[in-house]
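Descriptive analysis of the structure
One-letter residues, chain by chain:
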There are 2 protein chains.
Amino acid sequence: MKRQEKLYLGIDGGGSKCKVLLANEQGQALATGMSGPANPNQGLDLAINSIMDATEQALHQAGFASSMVDQLVVGAGLAGVNLPKYRAMLDQWDHPFAQFHITTDLQIACLGAHDGEDGAVIIAGTGSIGMAHVDGNSHELGGYGFSVGDQGSGAWMGVTAIKQTLQAMDGLLPRTELVDQVLEFTQCRTAQELAQQMANLKPSAYAKLAPLVIERAAAKDTLALDIVLNGADYISRLARKLLTYNPPRLSMIGGLAPRIQSWLDEDVRVRVEPAKQPPEIGAILFAQQQALVSEKA
Amino acid sequence: MKRQEKLYLGIDGGGSKCKVLLANEQGQALATGMSGPANPNQGLDLAINSIMDATEQALHQAGFASSMVDQLVVGAGLAGVNLPKYRAMLDQWDHPFAQFHITTDLQIACLGAHDGEDGAVIIAGTGSIGMAHVDGNSHELGGYGFSVGDQGSGAWMGVTAIKQTLQAMDGLLPRTELVDQVLEFTQCRTAQELAQQMANLKPSAYAKLAPLVIERAAAKDTLALDIVLNGADYISRLARKLLTYNPPRLSMIGGLAPRIQSWLDEDVRVRVEPAKQPPEIGAILFAQQQALVSEKA
């Protein structure tokens, strides 16, 4: 069965879950789907499985047969594809779609935040990254990953809290209530226990401590304040640099965004505006833009 | 063949190599041996193989049969045994020695540095850690490992240089010559290449950048200065805390020690004295002390 009308599928594929949105030619939402990790750095097979799983859910929910997959014009924003080797892995996938346009999760977040128009976006969640899209040019900053970047992110705040707690327990920094709360949260009693338990964890495990750190900073805990102000300083500098590209708007998204915003420098804070649409709508907008480009070519 | 005279073996077992020293009852060196990693966190079998390999070398060099191993009173200072689970692994080893006394690499370094007397020691190499041994009490500070500690160490300086270089390439920090030198050292051209190549490396790989950072700091490079001053601040605070235990002497050892010493705060710097003996002599001293304790018991 062939349909005349175009069907669009927007994919927001992150490190923990994959969200898809099925829309008709006018961009009206028909159905959604949700599955597991879809960033290729956790394995190409896993990413493909997650994408296909969420896609079938959406087709099914909309009352279409699975075989309709070959009618879909897909826009996919995937974490990790900013790194060439992961991009190359996905480019080699013999996908079942009518069209499959790949970009970063950052770009679809930016497209969504400004409803397809120019603008800048900062994602502050487990990691941190920023992008400005102005006059057809994209400028990406940060996003280098937990081990050498991601300052100001949830994972960064969490691991920094562990480092400062250990220093305070050694008597090298003043001990504040943050120390007791970190010990309570981790159920550790000694510095050695804490170091052993919290060494070499995944970024998402460290990020679980971030809300506690921000809460203690709000209560003027000096150790926590130092961490949050340092993290906010990075995000402020990131935002300021993005604003040099003259984007009409700047939005912040991600789990940490609402919590860190009030800590940003004044000049940056006044520029932050709410995102207009979620990333999966941004992915649909991307699919529509790329389909137009394909038709013109 | 039984010998009347006691034979002592001192083992300095680190993360990259194992050094042993064979000595007679008077503590005179008879022979040495050298092999691979001997810290149990890289695997108990590997550690045991390294210990036995270096021990046999020393026995052979001194003209003794391998079977003489059962005559040895051994003192072993091993990296990693400060963590209970690795200590437990080694305690369960059915060793072939007459006596096998285990302690940390830190303690034998401290014993060696002060020729068996009280004192404090800071090891600044790939990692960082400190200890004061005064009036029969040991106080250990730092040494929590690369992911949550080891500030001021070579690995910490190296990874911090990568983080600062990436920020400078993003235009979030002033770009100095450190950036060009890091790119030349790593043979990278873009921030993405650098982030991809330098993510999630072993501490020893990051530590290779430390000499470059210290060299640039000496040339007043602001990015490098910031790193080295931050690292030296941690080491100074660590030393100051160790000095509160009133050790008669303070020594610094490890590959970074001679390079970081001049950056320490004045009050700490004037207290640093050269180590009197290397760690493997410290291990012999430890074996002798423990043998005495065993005889009294």
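Residues numbered from 1 in each chain as written. Chains lettered and ligands numbered in written order. Predicted model: local features only at pLDDT ≥ 70, side-chain atom pairs only at ≥ 80, totals over all residues. Heavy atoms only, no water.

**Focus on the relation of the copies chain B and chain A**
The transformation that overlays chain B on chain A combines an axial shift of 0.0 Å with a rotation of 180 degrees, and the residual RMSD is 0.0 Å. These values place the two chain copies in the arrangement generated by a two-fold rotation axis. The rotation axis passes nearest to the C-alpha of Ser-147 of chain B in chain B, at a distance of 4.4 Å. Here 100% of the contact residues of chain B are again contact residues in chain A; the copies associate through an equivalent surface. (Least-squares fit on C-alpha atoms with pLDDT ≥ 70 in both. Contact = heavy atoms within 4.5 Å.)

**Concerning the domain arrangement of chain A**
All names here are of chain A. Split by domain assignment, chain A resolves into domain 1 (7-115 + 276-296) and domain 2 (154-269). Note on domain 1 versus domain 2: buried area summed over both sides is about 340 Å², and carbon and sulfur give 65% of it. Of all residues in domain 1, Ala-113, His-114 and Lys-276 give up the largest surface area on contact with domain 2, accounting jointly for 79% of the area buried on that side. Applying the counting rule to domain 1 against domain 2 returns zero salt bridges. At the junction of domain 1 and domain 2, the tally comes to two residue pairs in polar contact (both at pLDDT 80 or more). Split into classes, the residues belonging to the side of domain 1 that touches domain 2 amount to three nonpolar, one polar and one charged. (Domains from an automatic or database assignment. Buried area = accessible area lost by both parts, 1.4 Å probe. Salt bridge = Lys/Arg side-chain N within 4 Å of Asp/Glu carboxyl O. Polar contact = N/O pair within 3.5 Å; in protein donor to acceptor, adjacent residues only side chain to side chain. Nonpolar A, V, L, I, M, F, W, Y, C, P; charged D, E, K, R; others polar.)

**Things to note about the UniProt feature "domain: ATPase BadF/BadG/BcrA/BcrD type" (unreviewed entry) in chain A**
UniProt annotation of "domain: ATPase BadF/BadG/BcrA/BcrD type" (unreviewed entry) refers to residues 9-287 of chain A when read in the numbering used here. In this annotation, residues 9-287 of chain A is assigned 44% helix and 20% strand; the end-to-end C-alpha distance for the span is 8 Å. (UniProt positions renumbered as here; feature names shortened; annotations may be inferred. Helix = DSSP H or I, 4+ residues; strand = E, 2+ residues; numbered from the N terminus.)

**Quick word on the interface of chain B and chain A**
A common way to state how big an interface is: give the accessible area lost once the parts meet. Of the residues lining the interface, 33 residues belong to chain B; the matching set on chain A comes to 33 residues. Each partner contributes to the roughly 2,800 Å² buried at the junction of chain B and chain A, and carbon and sulfur atoms together form 54% of this total. Among the residues chain B hides against chain A, the three largest losses belong to Tyr-144, Val-148 and Leu-172 of chain B. Together they make up 24% of the total. Counting the contacts that link chain B with chain A gives zero salt bridges. Summed over the shared surface of chain B and chain A, the result is 10 residue pairs in polar contact (both at pLDDT 80 or more). When contributions to the side of chain B that touches chain A are tallied by element, the ones reaching two or more residues are helix 2 (84-91), strand 8 (137-142), helix 4 (154-169), helix 6 (191-198) and helix 9 (222-243) of chain B. Grouping the amino acids of the side of chain B that touches chain A by side-chain chemistry returns 17 nonpolar, 10 polar and six charged.

**Side note on the sheet that holds strand 7 (residues 128-134) of chain A**
To summarise the sheet geometry, strands pair through backbone hydrogen bonds and adopt either a parallel or an antiparallel arrangement. Residues and elements named next belong to chain A. Pairing in this open sheet of four strands is mixed, and the strands run 8-7-6-9 from one edge to the other. The open sheet is flanked by strand 8 (137-142) and strand 9 (250-253), the only strands paired with a single partner. Ignoring strand direction, the axes of neighbouring strands in this sheet form an average angle of 15 degrees. With four bridges joining them, strand 6 (residues 119-124) and strand 9 adopt parallel strand pairing. Residue pairing for strand 9: Val-121 is matched across the bridge by Ser-251. (Pairing = 2+ DSSP bridges. Axes fitted to C-alpha atoms, helices over the stretch in contact; angles between N-to-C directions.)

**Structural notes on the sheet that holds strand 4 (residues 72-78) of chain A**
All names here are of chain A. Within the open sheet, the five strands sit side by side as 3-2-1-4-5. Their pairing is mixed. The open sheet terminates on both sides in strands that have one partner only, identified here as strand 3 (29-35) and strand 5 (99-104). In this sheet, adjacent strand axes meet at a mean angle of 15 degrees when their direction is disregarded. Of the pairings in the sheet, the one linking strand 1 (residues 7-13) to strand 4 comprises seven bridges and is parallel in character. Bridge pairing in strand 4 links Gly-13 to Leu-78. Where helix 1 (residues 44-61) meets the sheet, its contacts fall on strand 1, strand 2 (18-24), strand 3 and strand 4, and the angle it forms with strand 3 comes to roughly 145 degrees. Lying on the sheet, helix 3 (residues 105-113) is in contact with strand 1, strand 4 and strand 5; it crosses strand 5 at an angle near 90 degrees.

**Some words on the packing of helix 5 (residues 177-186) of chain B against helix 8 (residues 210-218) of chain B**
Between two packed helices, what matters for the description is the angle formed by their axes and the separation of those axes. Residues and elements named next belong to chain B. Interhelical geometry of helix 5 versus helix 8 gives an angle of 155 degrees and a closest axis separation of 11 Å. As far as their axial angle goes, helix 8 and helix 5 are roughly antiparallel. Crossing hand, helix 5 versus helix 8: right-handed. Together, Glu-177, Leu-178, Gln-181, Val-182 and Phe-185 of helix 5 and Leu-212, Val-213, Glu-215 and Arg-216 of helix 8 make up the contact between the two elements. Residue classes in the contact of helix 5 with helix 8 are distributed as five nonpolar, one polar and three charged. (Parallel < 35°, antiparallel > 145°, perpendicular 65-115°, else oblique. Left-handed = near helix turned anticlockwise from the far one by under 90°.)

**Concerning the environment of Gly-149 of chain B**
Looking at the secondary structure, you find Gly-149 of chain B in the loop between strand 8 and helix 4. It is 8.5 Å that separates the C-alpha atoms of Gly-149 of chain B and Gly-127 of chain B, two residues lying 22 residues apart in sequence. The residues contacting Gly-149 of chain B, other than those within four sequence positions of it, are Lys-163 of chain A together with Tyr-144 of chain B.

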